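Next come the chains, spelled out residue by residue.
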Amino acid sequence: MPSHSSNPGGATRVHRRALLGTAVLAALVALAGLAAYLTRDGRAPSKAPDTQPSSSAPSSSTAVSPSGPPVSIARPRALPVPPRTTDPISFGKAAAAALWSYDTRAYSQAELRGALHAWLSSEAKHADAASVDRGIPSPVLWKEMAANRQFATATVNEGHFPNAFTRALQEDPGAITQAYIYAVTISGKQSIVWKGSPAGGAESRVTTLAVQCRPNQPCALVGVMPAVAP
């Protein structure tokens, strides 16, 4: 039998969390004037923050020849810590880098998940942890990645307020004071390395984040938008 039929209370909690995440994103969409864009494809998830197992899995065709020069693997990276800044774009850049980076050699999947949750807004009605979790490899995949000593680093190239968000603020500057949530679009590159392939691979990333920056308080992450806003 499906688990939700034997645990109606758990199903209700999951449903409430889903509604909360939807409400948070809907509130930001209403502010930014992005409703048409984010719903045109049925709220298809953005590909930006996701880990792509197919592109990061080791392959014998990319293995380094035993006769090649030895290559030192980078030292393990520490868990990501949110910066103390009141600038939503600066915070968005740091958050994107944290979401696109991981090191299976240095910590567990649960530890990374907990570290990323520390970036979220302390205001429960706004924080959308589920949107962050969707970008973290599952425990099963993490175990496979750890066996191959896989890690990823991120380079952030640019960050900006989406056009629709900027227009909405110009039309109604006071709207931002309802929750001080900003839409920030970040672009960059994720580089992945694993055992046997020190050269690894890289691909471009782009994502739109919801960032909360209340006056005189450090910014915090609200969540990852379901689609990229230009």
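Just so you know, these numbers come straight off a predicted model, no measurement behind them.

Draft legend 1. Seen up close, the environment of P230. Note on placement: P230 falls in the segment after β5 (220–224). Residues P230 and A164, spaced 66 residues apart in sequence, show a C-alpha to C-alpha distance of 8.1 Å.

Draft legend 2. Region of the structure containing the pattern of salt bridges. Going through the model one piece at a time under the given rule, you end up with 4 salt bridges. In this structure, the salt-bridge partner of R105 is D103, at a minimum N-O distance of 2.7 Å. Looking at D103, the relative accessible area reads 0%, which means it is buried. The salt bridge partner of D133 is R113, with a shortest N-O separation of 3.2 Å.

Draft legend 3. Expanded view of the state of the cysteines. Enumeration according to the criterion identifies 1 disulfide in this entry. With its sulfur 2.0 Å from that of its partner, C213 forms a disulfide with C219. With the S-S dihedral at roughly 115°, the linkage between C213 and C219 falls on the right-handed side. Each member of the pair C213 and C219 is classed as buried.

Draft legend 4. Quick peek at the sheet that holds strand β1 (residues 102–103). Taken in spatial order, the 5 strands line up as β1-β2-β3-β4-β5 in an open sheet, and their pairing is antiparallel. Because the sheet does not close on itself, it has two edges, and the strands there are β1 and β5.

Draft legend 5. Structural detail: the nonpolar core. Core analysis: the biggest nonpolar cluster contains 35 residues, and Y102, L116, L209 and L221 have the highest contact counts within it. Elements with a minimum of two residues in this core: α5 (88–99), α6 (109–117), α8 (139–147), β3 (181–194), β4 (197–212) and β5.

Draft legend 6. Structural detail: the confidence of the model for the protein. In this model, the protein carries an average pLDDT of 77, and 67% of its residues clear a pLDDT of 70 or more. Averaged over each element, pLDDT in the protein is lowest for helix α4 (residues 53–56) (35) and highest for α6 (98). pLDDT under 50 marks residues 30–73. Its contacts with residues more than four places away, or in other chains, come to 78 contacts.

Reading guide: rules and limits
Residues numbered from 1 in each chain as written. Predicted model: local features only at pLDDT ≥ 70, side-chain atom pairs only at ≥ 80, totals over all residues. Heavy atoms only, no water. Helix = DSSP H or I, 4+ residues; strand = E, 2+ residues; numbered from the N terminus. Salt bridge = Lys/Arg side-chain N within 4 Å of Asp/Glu carboxyl O. Buried < 20%, exposed > 50% of the residue type's maximum accessible area, 1.4 Å probe, protein only. Disulfide = S-S within 2.5 Å. Pairing = 2+ DSSP bridges. Core = buried A, V, L, I, M, F, W, Y, C linked by side-chain atoms within 4.5 Å. pLDDT = per-residue confidence, 0-100. Contact = heavy atoms within 4.5 Å.

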